[in-house]
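# Reading the structure
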Amino acid sequence: DVDIDVKGPKCGVDVDVDGHGKAKSPKIKGGVDVDVDVDGHGKGKGGFSLPKFNLPSFGGGGKGDIKIKSFSASAFPGYYFRHQNYEIWLTLSNGGTFEQDASWRIVPGLANPAGISFESVNYPGHFIRHQNALLFLHKSDGTELFNKDATFHVRAALFGSGESFESENYPGWFIRHENYRLRMSQSDGSELFRKDASWMVSGGLSLGVDVDVKGHKGGVVMDIHVHGGGKSKGWIEIPMIKFGFG
């Protein structure tokens, strides 16, 4: 009798996430460790190599679209808006919690589902809202005023490509950066304003993928969890050939 324990987590897996938050086909590379128990003859260790190949596509959730995004200034590439001490600032990456602070879960507008709201990834239940024209990260209190202050409408970028965000309760006022602080300002039609109020959209900087690989019937079962986007499952046959005892 021979018992074989396939230790799937040793299998290297790359999962690409495109700019819109969809999980592309995972790519397998490397090898799998194998523990072999031959009754009456002790235990041995071995392994087999895996060629690099693609799996079928795995969606990130029910609709395959992960609504976690980050936003960089059109006029300042590499600068992202993030929360810092409950205020919203435009900064370069400075390590620490920057990637989490600059990632936002995009949900239907709290005051109007035709708009959107920006929920913090690392502070669930906290949303970007305007107050006295400045932008803050505040915990939702469920009031009508909060919901309106935290709702924005996506518009085509006022300058170049990307998007601009217009206030729900102050039409004609847009999210813009000024001296690295984010605020609401009424459009004056100037080129400077249009640049400051335009944003490039990418997949969330904190978007992560966890893969749990398990041996199963001479193949491998994979649970793929994309942070914020649910789970997808799939399995592939991996021929167990050419492994030796160590």
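### Thoughts on the overall build of the protein chain
- Summing up its helical and strand segments, the protein chain has 3 helices and 21 strands in all.
- Here the protein chain, with 246 residues, has 39% of them falling under the buried criterion.
- Of the contacts made within the protein chain by residues no fewer than 6 positions apart, 48% connect residues no fewer than 24 positions apart.
- Of the roughly 12,700 Å² that the protein chain leaves accessible, carbon and sulfur atoms contribute 51%.

### Thoughts on the confidence of the model for the protein chain
- Model confidence for the protein chain is summarised by a mean pLDDT of 75, while 57% of its residues fall at 70 or above.
- A low-confidence stretch, residues 48-65 stays under pLDDT 50, and its non-local contacts, those more than four residues away or across chains, total 56 contacts.
- Contacts for the low-pLDDT stretch residues 227-246, under 50 throughout, to residues beyond four places or in other chains number 70 contacts.

### Focus: the side chain of Asn 147
- Mapping Asn 147 onto the fold places it in helix 2 (residues 144-149).
- What makes Asn 147 buried here is its relative accessible area of 17%.
- Setting aside anything within four residues of it in sequence, one finds Asn 147 in contact with Leu 110, Ala 111, Ser 140 and Gly 142.

### Things to note about the pattern of salt bridges
- For the coordinates displayed, the defined rule picks out 8 salt bridges.
- Here Arg 82 and Asp 101 are joined by a salt bridge, their closest N and O atoms 2.7 Å apart. One end of the pair, Arg 82, is in strand 8 (residues 76-84); the other, Asp 101, is in helix 1 (residues 98-101), and 19 residues separate them in sequence. With respect to burial, Arg 82 and Asp 101 carry one shared label: buried.

### A look at the environment of Gly 109
- Turning to its location among the elements, Gly 109 is positioned in the loop between strand 10 (104-108) and strand 11 (116-120).
- Relative accessible area serves as the criterion here: at 8%, Gly 109 is assigned to the buried category.

### Focus on the nonpolar core
- Grouped together as the largest cluster of nonpolar side chains are 18 residues, with contacts concentrated most on Phe 81, Trp 104, Phe 118, Ile 175 and Trp 199.
- Secondary structure elements with two or more residues in this core: strand 7 (68-73), strand 9 (87-91), strand 10, strand 11, strand 13 (134-139) and strand 17 (181-186).
- Leave out the neighbours within four places in its chain, and Ile 175 touches Phe 118, Leu 135, Phe 152, Phe 165, Leu 182, Arg 183, Met 184, Asp 196, Ala 197 and Trp 199.

### Structural notes on the packing of aromatic side chains
- With the rule as written, the count across this model stands at 16 aromatic pairs.
- Summarising the aromatic geometry, the rings of Phe 76 and Tyr 79 are spaced 5.8 Å apart at their centres and angled 70° between planes, so their arrangement reads as edge-to-face.
- Look at Phe 76 and you get partly exposed, because its relative accessible area is 33%.
- Following the ring pairs from residue to residue traces out a cluster consisting of Phe 71, Phe 81, Trp 104, Phe 118, Phe 152, Phe 165 and Trp 199.
- Residue placement shows Arg 181 over the ring face of Phe 136; its charged tip is 5.0 Å from the ring centre.

### Section: the environment of Leu 92
- Along the chain, Leu 92 turns up in the loop between strand 9 and helix 1.
- Distance from Leu 92 to Tyr 80, taken between C-alpha atoms, is 6.4 Å for residues 12 residues apart in sequence.
- Once residues within four sequence positions are removed from consideration, Leu 92 is found in contact with Gly 78, Tyr 79 and Phe 98.

### With respect to unusual backbone geometry
- You will see that Tyr 86, though not glycine, has its phi angle at about 70°, which is positive.
- By secondary structure assignment, the location of Tyr 86 is in the loop between strand 8 and strand 9.
- For Tyr 86, a relative accessible area of 44% translates into the label partly exposed.
- Even without being glycine, Ala 133 reaches a positive phi, approximately 75°.
- Relative to the helices and strands, Ala 133 is located in the loop between strand 12 (126-131) and strand 13.

### Here's the deal with the layout of surface pockets
- Estimates place the volume of the largest pocket at around 180 Å³.
- Residue lining of the largest pocket: Arg 129, His 130, Gln 131, Asn 132, Ala 133, Leu 145, Asp 149, Ser 167, Asn 169, Tyr 170, Trp 173 and Met 184, and that is the complete set.
- Among the elements of the structure, strand 12 and helix 2 are those that each provide at least two residues to the lining of the largest pocket.
- The leading source of residues in the lining of the largest pocket is strand 12, at 3 residues.
- A per-class count over the lining of the largest pocket returns 5 nonpolar, 5 polar and 2 charged.

### What about the pairing of strand 17?
- The pairing of strand 16 (residues 173-178) with strand 17 spans 6 bridges and is antiparallel. Directly across from His 177, in strand 17, lies its bridge partner Leu 182.
- Where strand 16 folds back on strand 17, the antiparallel hairpin that results is connected by 2 residues, among which Asn 179 adopts a positive phi of roughly 55°.

Parameters and conventions
- Residues numbered from 1 in each chain as written.
- Predicted model: local features only at pLDDT ≥ 70, side-chain atom pairs only at ≥ 80, totals over all residues.
- Heavy atoms only, no water.
- Helix = DSSP H or I, 4+ residues; strand = E, 2+ residues; numbered from the N terminus.
- Buried < 20%, exposed > 50% of the residue type's maximum accessible area, 1.4 Å probe, protein only.
- Contact = heavy atoms within 4.5 Å.
- Areas by Shrake-Rupley, 256 points an atom, 1.4 Å probe, with all protein chains shown as cover.
- pLDDT = per-residue confidence, 0-100.
- Salt bridge = Lys/Arg side-chain N within 4 Å of Asp/Glu carboxyl O.
- Core = buried A, V, L, I, M, F, W, Y, C linked by side-chain atoms within 4.5 Å.
- Phe/Tyr/Trp six-rings, centres within 6.5 Å; stacked < 30°, edge-to-face > 60°.
- Lys NZ or Arg CZ within 6 Å of the ring centre and 35° of its normal.
- 1 Å grid on protein atoms, 1.4 Å probe; cavity = no way out; pocket = protein on both sides within 12 Å on 5 of 7 lines; lining within 4 Å.
- Points joined across faces, edges and corners; volume = space filled by probe spheres on them.
- Nonpolar A, V, L, I, M, F, W, Y, C, P; charged D, E, K, R; others polar.
- Pairing = 2+ DSSP bridges.

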